[in-house]
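Architecture at a glance
Spelled out from the first residue to the last, the chains are:
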Amino acid sequence: MTGSAEGIGARVTRREDKRFIIGKGRYTDDMNVAGMCHAAFVRSPHAHAKVASLDADAARAMPGVIAVLTGEELAADGVGNLICGWMIHSKDGTPMKMGAWRALEHETVRHVGQAVAVVVAETRAQARDAADAVVVDYDALDAVVDSLDALKPGAPQIHPEAEGNLIYDWEIGDEAATEAAFASAAHVTRMEIRNNRLVPNPMEPRSALAHYEEADEHYTLWTTSQNPHVARLVLSAFYNIAPEHKLRVIAPDVGGGFGSKIYIYPEEMVCLWASKKTGVPVKWTSDRTEAFLTDAHGRDHHSEAEVALDADNKIIGLRVKTVANLGAYMSLFSSSVPTYLYATLLSGQYDIPAIHCNVKTVYTNTTPVDAYRGAGRPEATYLVERVMETTAREVGMDPAEFRRKNFVRSFPHQTPVIMCYDAGDYDASLDAALKAIDYDGFAARKAEAARRGKLRGIGLSCYIEACGIAPSQAVGSLGAGVGLWESAEVRVNPVGTIEVLTGSHSHGQGHETTFAQLVSERLGVGLDTVSIVHGDTDKVQFGMGTYGSRSGAVGMSAISKALDKVESKARKLAAHLMEASEGDITLEGGTFKVAGTDKELPFFQVALAAYTAHNMPEGMEPGLKEGAFYDPTNFTFPAGTYVCEVEVDPETGKTEVVDFVAADDFGTIINPMIVEGQVHGGLTQGIGQALLENAAYDADGQLLSASYMDYTMPRADDVPSYRLMTTVTECPGNPLGMKGCGEAGAIGSPPAVINAITDAIGTNALEMPATAANVWRALKSAQPAQAAE
Amino acid sequence: MYETNYHRATSVDDAAAKLGAAEDAKVLSGGQTLLPTMKQRLAAPSDVIDVTHIADMKGITESGGGIRIGAATTHAEVAGSEIVKRMLPGLAALAGHIGDPHVRHMGTIGGSLANNDPAADYPSAALALGATIHTNARQISAEDFFTGMFETALDESEIVTAVEFPKASACAYAKYPNPASRYAMAGVFVARTDGGVRVAVTGAGQNGVFRHAGLEDALAQSFSADAVAGVTTDPDQLLADIHGSAEYRANLVTVMAKRAVAACA
Ligand SMILES: Cc1cc2nc3c(=O)[nH]c(=O)nc-3n(C[C@H](O)[C@H](O)[C@H](O)COP(=O)(O)OP(=O)(O)OC[C@H]3O[C@@H](n4cnc5c(N)ncnc54)[C@H](O)[C@@H]3O)c2cc1C
């Protein structure tokens, strides 16, 4: 590494922000093609119903209408059903029971908002008006929304393929060893834990513009995707839209995803198909109501957890039973979230010799559920850290000391649930966080708050998560349909400017800045000479996209490998040009130097020489461009301690988060400012889940919180000014030592908040979201007289 | 949104004429309720008549010992008005906590009263202070104006032109906002006037804003926060939804009443 003022560790401002701040971002809905028409979907108002008849005659006759297309036509044209890309087997060895998911449904609708037909018209308003004029007769069926209800005998049967609505009944860990641990336990703590359902709510709603050009039999799709190559692969290989070389997928600026834009949804598929069918380019942009009803939701677990301690308060066993609600259909990665992304993290930061977890996933008449910021790890962390806090209280130990007593301290550490932790220092982050919050001074702060009539509480969360997904061979053996490597290409232009093509996709993460910082660090060139190219299957050869905090640990590792090759070739050429031996060449501040002499050649001149090719070493090809694929060797394991302090107003139940300290270990940090931004956003989403957000359905399957009038997003005045710090252990698994920081905040914060509130109110009977009304009710049931006052 | 025709009225008479001329016209004031409703395709007026450029319907003046506020006056103007802050500080504070800055700079008092959302803030002030609503046809006391959820005494094409508030020796508003919409889950306006103490509750009632006899009686005997601490509200009369039970709202009414009384001091 040559180092650079704009290189690794520099707090440079985000290069992409100018266009976003001045309103010049280029999003899918900004794209327009001559002759473009607009799609509007006809959607089911029922959560569960038979489609008795559909009459589109009146709609077809309306002004501007090009076509009204139905599910029958879609099926007749051989467009495939939507798939789930991760095979899970039940503990009895049978494969998961997947019901058919058609992009337009013409027989049985299974959630409110499911599309049954599409209208293509010249204007958006015309399409909408005509969609309203399509007359659909439904025979309503009984619906079920809660996963526990869906498993009860006699519950409405949602898919014929999944008897009793059970998709799979999966397990991990050693059941017998865990039984034995509980049999010898000195203390057992038992809890029921619910993880609330969330709506992702990226600022930019989903959008697609599909353009079929008949002369070339070629499709172009602009879409809001976190992984355009995966989208193309799935659209080609499974949905029969077009072979890959006849389908270009472009994901331009994307305004946030949080997981919800990983998946292929019915609407993009239908736009592609409709463009061919009608001969016009077709655009659809979701409105906010459609987003609430059709963007894949997150979380929604019911769990029972038990922890066994020996007489010395060491954990000897953990037993978990979880029922996960997957909604009406299995979305692209839905099966992996409550299994390999969840139960493999149940060991937390702790040395637990025996763990067993059983997971049942269930169909319900609700919006499909899939990965949402954190994907499985927030569910695991919430469970483990609520259990840790509760157990410490039950045995009368200080919650920090109880955790410390059970920390993993030697690495690598093999857990009983697949994961092998490679590096970490959990004491370091716990110490840093406790010092920053002034843990010892809490009693005085609580007393002072009591004088103001407030209940003050403190709560911890020592989280661990797994990022950098993932070693392809490992995930393949666990059922993944794809490999999870990443690719990169570094193109040095003749004038020495550099384009980096990456399979990662930026939708808020700041790749145009951090990836360029890596190039600057390695080659000593200025950031202004580097551009990052992503999001277009015609430009970038292949890539797996961005999710699971993988773009640093996996995407940048691929770039680093490609840079190794570029540097090596340039060094050989520089040695040749300066008539020196390669071993004497150094690269400092963007200039190749011959050690011990004053001979030097700037990097850009070496690049030019590679392209003029007038004077090349024997056998060297002209040009300076290298590609690399990087397949990780292990997951990475970011970890840290969060401490939250709250004050509860006992009269209203309102919680104020008055202090929040986050001590994270993300390994190497490329840009501290961007990392802090990621943590701020993650913490705010986590506090949102803990205090405010809830996707609430009524018994008929209507989403009650289907707009911002009823779904509470966290706002600036709901969160404190965070106090962030990092403790660094480098990740041994990748060349840069990076672990990933994109989801930690959302993963680690909810239990810290709930632990703090339950500490404040003196009762543990509280679930998320801890709205004022819920906290007031918990207080009232714990101390009826006091709360009624 | 469905297509609609926009008209800018130049006077109250012009607005009334335009309203009468169109097939299904609606008054458009700040648009903060009407436009979102139209965007969700829940309302489809053939024509909208914008009244915010009518000089007679704007501004804040002292009149007959009270305050007259033009119907098209924005929440931000009420919140920032020296007259309102001096004479009815509780009203200025109420206006300053409606929605967010965008909403306060567009939304108007006339629009809010005409809409009579059961969770809106202004109706509680109008009812507690005993305001008079002026229209292009008549004057209506607040008591008679609010007739139920989203219901008022206004005729089909009647236009609210101004609101007149009598003065009060003390007044204050305490609101517990809905966490999502930030409308009132329970808002209590307490006014102490020559005619006695009046208390109006918004956000919580099944039929919209209402006067609270229990709180008024308690405060008539002793105007103190302690006096209302033991006053309860029958949950059967209150709203329940995903944000809070009727019992929770009943509790909030008492707590907000205490806080409003304390703020009067
Ligand atoms: C994000 C958001 C948050 C909000 N938060 C709050 C809140 O916390 N508290 C609160 O009280 N309100 C809140 N509101 C509503 C806001 O105060 C509106 O401004 C108000 O309810 C309506 O006023 P308007 O001037 O916008 O009326 P418009 O939307 O223009 O009209 C509303 C209705 O009244 C009719 N109307 C308007 N003016 C007249 C008139 N002069 N004569 C007869 N009929 C008329 C219209 O025809 C329409 O039916 C919020 C709104 C939004 C968008």
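Residues numbered from 1 in each chain as written. Chains lettered and ligands numbered in written order. Predicted model: local features only at pLDDT ≥ 70, side-chain atom pairs only at ≥ 80, totals over all residues. Heavy atoms only, no water.

1. Observations regarding the site of the ligand
All names here are of chain B. The condition is simple: When at least one non-hydrogen atom of a residue lies within 4 Å of a molecule or strand, that residue is treated as near it. N or O atoms within 3.5 Å of each other form a polar contact, as long as, within protein, one can give a hydrogen and the other can take it, and as long as residues adjacent in sequence are counted only when both atoms are side-chain atoms. Every helix listed is a DSSP run of H or I at least four residues long, and every strand listed is a run of E at least two residues long, numbered separately from the N terminus. Gly is put with the polar residues, along with every residue not named as nonpolar or charged; the nonpolar set is Ala, Val, Leu, Ile, Met, Phe, Trp, Tyr, Cys and Pro, and the charged set is Asp, Glu, Lys and Arg.
The environment of the ligand is formed by 28 residues, the closest being Val-27, Gly-30, Gly-31, Leu-34 and Thr-108. In the environment of the ligand, an oxygen atom lies 3.0 Å from a nitrogen or oxygen atom belonging to the backbone of Gly-99. At a separation of 2.9 Å, an oxygen atom of the ligand approaches a polar backbone atom of Arg-182. Of all the secondary structure elements, the ones that give two or more residues to the shell around the ligand are strand E2 (25-28) and helix H7 (109-115). Here the residues of the shell around the ligand are counted per class, giving eleven nonpolar, twelve polar and five charged.

2. Some remarks on the domain arrangement of chain A
All names here are of chain A. Our working rule: Those domain boundaries reflect an automatic or database domain assignment. Whether two residues are in contact is decided by their heavy atoms, any of which lying within 4.5 Å being enough. Here the buried area means the combined drop in accessible surface, using a 1.4 Å probe, for two parts upon being joined, counting both sides. Between Lys or Arg on one side and Asp or Glu on the other, a salt bridge is scored when a side-chain nitrogen of the former is within 4 Å of a carboxyl oxygen of the latter.
What the domain assignment reports for chain A is domain 1 (17-24 + 485-630), domain 2 (31-141 + 203-256 + 261-294), domain 3 (142-195 + 297-396) and domain 4 (422-461 + 638-789). Each of domain 2 and domain 4 was reduced to a C-alpha centroid, and the two centroids are 38 Å apart. Counting from both sides, the interface comprises seven residues of domain 2 and, opposite them, nine residues of domain 4. Of the roughly 590 Å² buried where domain 2 meets domain 4, counting both sides, 64% is carbon and sulfur surface. The tally of links between domain 2 and domain 4 comes to zero salt bridges. Run the count over domain 2 and domain 4 and you get two residue pairs in polar contact (both at pLDDT 80 or more). For the side of domain 2 that touches domain 4, a count of residues per class yields five nonpolar, one polar and one charged.

3. Let's talk about helix H12 (residues 426-437) of chain A
What counts is decided by this rule: The span expected for a helix works out to 1.5 Å for each residue beyond the first.
Across its twelve residues, H12(A) extends 17 Å between first and last C-alpha, which sits within 8% of the 16 Å expected from 1.5 Å per residue. Downstream of H12(A) by a residue or two, Asp438(A) has a phi angle that is positive, lying close to 60 degrees.

4. Here's the deal with the side chain of Arg198(B)
All names here are of chain B. Along the chain, Arg-198 falls in strand E13 (residues 196-202). Among the polar contacts listed, one links the side chain of Arg-198 to the backbone oxygen of Leu-127, at a separation of 2.7 Å. Ignoring anything within four residues of it in the chain, the contact list for Arg-198 reads Leu-127, Ala-128, Gly-130, Glu-143, Phe-189, Val-190, Ala-191, Arg-211 and Glu-216.

5. Details of the sheet that holds strand E19 (residues 486-492) of chain A
Residue and element names in this part refer to chain A. Quick note on the threshold: For two strands to be treated as a pair, DSSP must find no fewer than two bridges joining them. Only the stretch in contact is used when fitting a helix axis, every axis being a line fitted to C-alpha atoms; angles between N-to-C directions are given from 0 to 180 degrees.
Sheet architecture is open: four strands sit in the order E21-E20-E19-E25, paired in mixed fashion. Since the sheet does not close on itself, it has two edges, and those belong to strand E21 (530-533) and strand E25 (625-630), each with one partner. Across this sheet, the average inter-strand angle for adjacent strands is 15 degrees, counted without regard to direction. Pairing of strand E20 (residues 498-502) with E21, which is carried by four bridges, proceeds in the parallel orientation.

6. Quick look at the state of the cysteines
The condition that has to hold: Throughout, a disulfide means two cysteine sulfur atoms within 2.5 Å of one another.
Taken as a whole and judged by the stated rule, the model has zero disulfides over all chains. Cys271(A) forms no disulfide, and the closest cysteine sulfur to it belongs to Cys37(A), at a distance of 12 Å. The thiol of Cys264(B) is not disulfide-bonded; the next cysteine sulfur, from Cys171(B), is found 6.6 Å away.

7. Looking at helix H10 (residues 213-221) of chain B
Side chains three or four residues apart in an α-helix point the same way, a direct result of the helix having 3.6 residues per turn. Residue and element names in this part refer to chain B. Here is the rule: To sort residues, take the accessible area from a 1.4 Å probe on protein chains only and compare it with the maximum for the residue type: under 20% means buried, over 50% means exposed, and anything in between is partly exposed. Note: the arc covers the axis-to-C-beta directions of the helix.
Listed in full, the buried residues belonging to H10 are Leu-215, Glu-216, Ala-218 and Leu-219. In an axial view of H10, the angular spread of the buried residues amounts to 165 degrees, which keeps them on one side of the axis. Across H10 from its buried face, at more than 90 degrees, point the exposed residues Ala-220 and Gln-221. Check the buried side of H10 and you find it contacts strand E12 (184-193), E13, strand E14 (210-211), helix H11 (225-229) and helix H12 (246-264).

8. Quick word on empty space enclosed by the protein
All names here are of chain A. Selection criterion: A cavity here means a set of points on a 1 Å grid, drawn over the protein atoms and nothing else, where a 1.4 Å probe fits but cannot get out; a pocket is an open set with protein on both sides within 12 Å along at least five of seven lines, and a residue lines either one if it has an atom within 4 Å of a point. Grid points are joined across faces, edges and corners, and a volume is the space filled by probe spheres set on the points.
Applying the stated criterion across every chain yields a total of seven cavities of 30 Å³ or more. In this model, the largest cavity occupies a volume close to 100 Å³. Considering the residues around the largest cavity, the lining is formed by 13 residues, among which Trp-101, His-111, Pro-266, Glu-267 and Thr-294 are closest to the centre. Grouping the constituent residues of the lining of the largest cavity by class yields six nonpolar, four polar and three charged. If you add up the space inside the second largest cavity, you get close to 70 Å³.

9. Topic: the environment of Asp30(A)
All names here are of chain A. With respect to the helices, strands and loops of the structure, Asp-30 is situated in the loop between helix H1 (17-21) and strand E1 (37-43). The exposure class assigned to Asp-30 is partly exposed, which follows from its relative accessible area of 43%. A sequence separation of 177 residues divides Asp-30 from Ser-207, and the C-alpha atoms of the two residues are 10.0 Å apart.

10. Re the packing of aromatic side chains
Residues and elements named next belong to chain A. Here is the rule we go by: Two aromatic rings, drawn from Phe, Tyr or Trp (for Trp, its six-membered ring), form a pair once their centres lie within 6.5 Å of each other, and the interplanar angle then sorts them: stacked below 30 degrees, edge-to-face above 60, tilted otherwise. We call a charge positioned above a ring when the Lys NZ or Arg CZ atom is no farther than 6 Å from the ring centre and deviates by at most 35 degrees from the ring normal.
In the structure shown here, the tally under the stated rule is 22 aromatic pairs over all chains. An aromatic cluster of at least three residues, connected via ring pairs, comprises Tyr-350, Phe-407, Phe-411 and Tyr-426. Its guanidinium or amino end placed over the ring of Tyr-265, Arg-206 lies 3.6 Å from that ring's centre, counting from NZ or CZ.

11. Details of the sheet that holds strand E27 (residues 655-665) of chain A
Residue and element names in this part refer to chain A. Pairing in this open sheet of four strands is mixed, and the strands run E18-E26-E27-E28 from one edge to the other. Strands at the two margins of the open sheet, each flanked by one partner only, are strand E18 (455-464) and strand E28 (723-726). Strand-to-strand, the axes of this sheet are offset by a mean angle of 15 degrees, without reference to chain direction. Relative to E27, strand E26 (residues 639-648) is paired through ten bridges, and the arrangement is antiparallel. Residue pairing in the sheet places Tyr-642 in a bridge with Ala-662 of E27.

12. Observations regarding the pattern of salt bridges
Residues and elements named next belong to chain A. For the structure shown, the criterion picks out 67 salt bridges over all chains. Here Arg-43 makes a salt bridge to Glu-267, at a shortest N to O gap of 2.9 Å. With Arg-43 in strand E1 and Glu-267 in helix H8 (residues 266-278), the pair connects residues that are 224 residues apart, well separated along the chain. Overall, Arg-43 belongs to the buried group, its relative accessible area being 17%. On the basis of relative accessibility, which here comes to 3%, the residue Glu-267 falls in the buried class. Among the ionic pairs, Glu-489 bridges to Lys-625, the shortest N-O distance being 3.6 Å. With Glu-489 in strand E19 and Lys-625 in strand E25, this pair connects stretches of sequence that are 136 residues apart.

13. A short note on the packing of helix H10 (residues 377-395) of chain A against helix H11 (residues 399-406) of chain A
Residue and element names in this part refer to chain A. The test is simple: In these notes the angle categories are as follows: under 35 degrees is roughly parallel, over 145 is roughly antiparallel, 65 to 115 is roughly perpendicular, and the rest is oblique. Handedness of a crossing is defined here by the sense of rotation of the near helix relative to the far one, left-handed for an anticlockwise turn of less than a right angle and right-handed for a clockwise turn.
Two elements in contact, H10 and H11, have axes separated by 8 Å at closest approach and are oriented at 115 degrees. One finds that H10 runs roughly perpendicular with respect to H11. Judged by the twist between their axes, the crossing of H10 over H11 is right-handed. Across the interface between the two elements, Glu-385, Met-388, Glu-389, Thr-391 and Ala-392 of H10 pack against Pro-399, Phe-402 and Arg-403 of H11. For the contact of H10 with H11, the residue count by class is four nonpolar, one polar and three charged.

14. A look at the pairing of E2(B)
Residues and elements named next belong to chain B. Filter applied, for reference: Think of it like this: strands point away, you trace from the first strand over the helix to the second, and a clockwise trace means the crossover is right-handed.
Note that E2 and strand E3 (residues 47-50) share four bridges and pair parallel. Paired with Ala-25 across the strands is Asp-47, a residue of E3. Once you follow E2 into helix H2 (residues 34-39) and on to E3, the crossover reads as right-handed.

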